[in-house]
Amino acid sequence: MHCGMALLALTGLGLSGCIIIPTPSHGGVGVITKETVESFEPGKTTRADVLLRLGDPAKRLEEDRIFVYQWERIHAYVISMLPQTNYDLPRPHYLGLEFASDNRVRRVRVLDASFTFFDQYPKLEEWMAEKSESSHP
Amino acid sequence: MRTVGLNIDLVLACALFLTGCSTVMQLEPQLVSKRFPFLQDGKTAKEEVLRRLGKPYHGYEGGRILTYQMCGDTDQKGWQGFSDARPMDMESEARRAADRCWPTSPNTLILVFGPGNLVERHSLVVVE
């Protein structure tokens, strides 16, 4: 179904005289680097360490048991035949952190956006659900 | 047609080359001290922080961790200080802070309190 919708969207764009050119992810604002993410060690890094490093999360869930950070990077350009209508296509990236009852990081998950029309947040929600099951056996 | 193809390649190459990337990073501790001289780990009390900076933007772990979102005040010489980014009356706090700080991103001052409600650790997170 997703493929069909993507095809429809692409066809629509094609017919309207636009083309989408995927690129390697680049640019963006408030990007959280791979090095920063790798510095968070489950069982060791605390909630305070994360906040001191990244500031307030975009979302605080389940009484701060989960933090979600979000940033965007450009993954494609939309190029139109009309002048001055070209623009970049940013996609959201997510960092999910789950904390244990001792306020230390339990799990870390990064969702890099691939070239897709669909937000990756549902995948993060799936990850949260997995974590909830493991937390409450 | 070949010219069009070449132009698209050129536009993309330029875009990839010219597009900057701003990352989330901690400001050097000495620069934080310069901007907030009253903040000293192990010395500054929460009471003083609240008196000087007002109500925090967010609190965590029962108030052990407080955060303040602030706008970088810029002039031709660069950042000179920070102003309160607390919101007026709009839909979300993050959105309000961002709007308030536009065109720059809001920066976050994070304060972790230890025994005796004294600042134990602090940092300023900036988007640069």
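Refer to the structure printed above.
Residues numbered from 1 in each chain as written. Chains lettered and ligands numbered in written order. Predicted model: local features only at pLDDT ≥ 70, side-chain atom pairs only at ≥ 80, totals over all residues.

Q: Teacher, can you tell me more about the interface of chain B and chain A here?
A: Interface size is commonly expressed as the accessible area that is lost once the parts come together. Each partner contributes to the interface: chain B provides 25 residues, whereas chain A provides 24 residues. Looking at the side of chain B that touches chain A, the elements that each hand over two or more residues are helix H1 (2-18), strand E1 (24-26), strand E2 (58-60), strand E3 (65-75), strand E5 (107-113) and strand E6 (119-127) of chain B. Across the side of chain B that touches chain A, the residue classes break down as 13 nonpolar, 10 polar and two charged. (Contact = placed C-beta atoms within 7 Å. Helix = DSSP H or I, 4+ residues; strand = E, 2+ residues; numbered from the N terminus. Nonpolar A, V, L, I, M, F, W, Y, C, P; charged D, E, K, R; others polar.)

Q: Sorry, what's going on with unusual backbone geometry here?
A: A negative phi holds for most residues other than glycine; trans holds for most peptide bonds. Residues and elements named next belong to chain A. Of note, the phi angle at Glu-63 is positive, near 55 degrees, even though the residue is not glycine. Relative to the helices and strands, Glu-63 resides in the loop between strand E2 (59-61) and strand E3 (66-80). C-beta crowding within 10 Å serves as the criterion here: with 7 such atoms nearby, Glu-63 is assigned to the exposed category. Even without a glycine there, the phi angle at Asn-103 is positive, about 70 degrees. One can find Asn-103 in the loop between strand E4 (87-99) and strand E5 (105-111). Overall, the presence of 18 C-beta atoms within 10 Å leaves Asn-103 in the partly exposed class. (Buried ≥ 20, exposed ≤ 12 C-beta atoms within 10 Å, placed from the backbone.)

Q: Would you explain the pairing of E6 of chain B in this entry?
A: Note on strand geometry: in a regular strand, side chains alternate between the two faces of the sheet. All names here are of chain B. Sheet analysis places E1 next to E6, joined by three bridges and oriented antiparallel. Directly across from Gln-26, in E6, lies its bridge partner Val-125. As paired elements, E5 and E6 share six bridges and run antiparallel to each other. Residue Ile-110 lies in a different strand from E6, and its bridge partner there is Ser-123. Counting the residues in the hairpin turn of E5 and E6 gives five residues, including Gly-116, whose phi is positive at 75 degrees. (Pairing = 2+ DSSP bridges.)

All quantities given are derived from atomic positions and should not be read as evidence of function.
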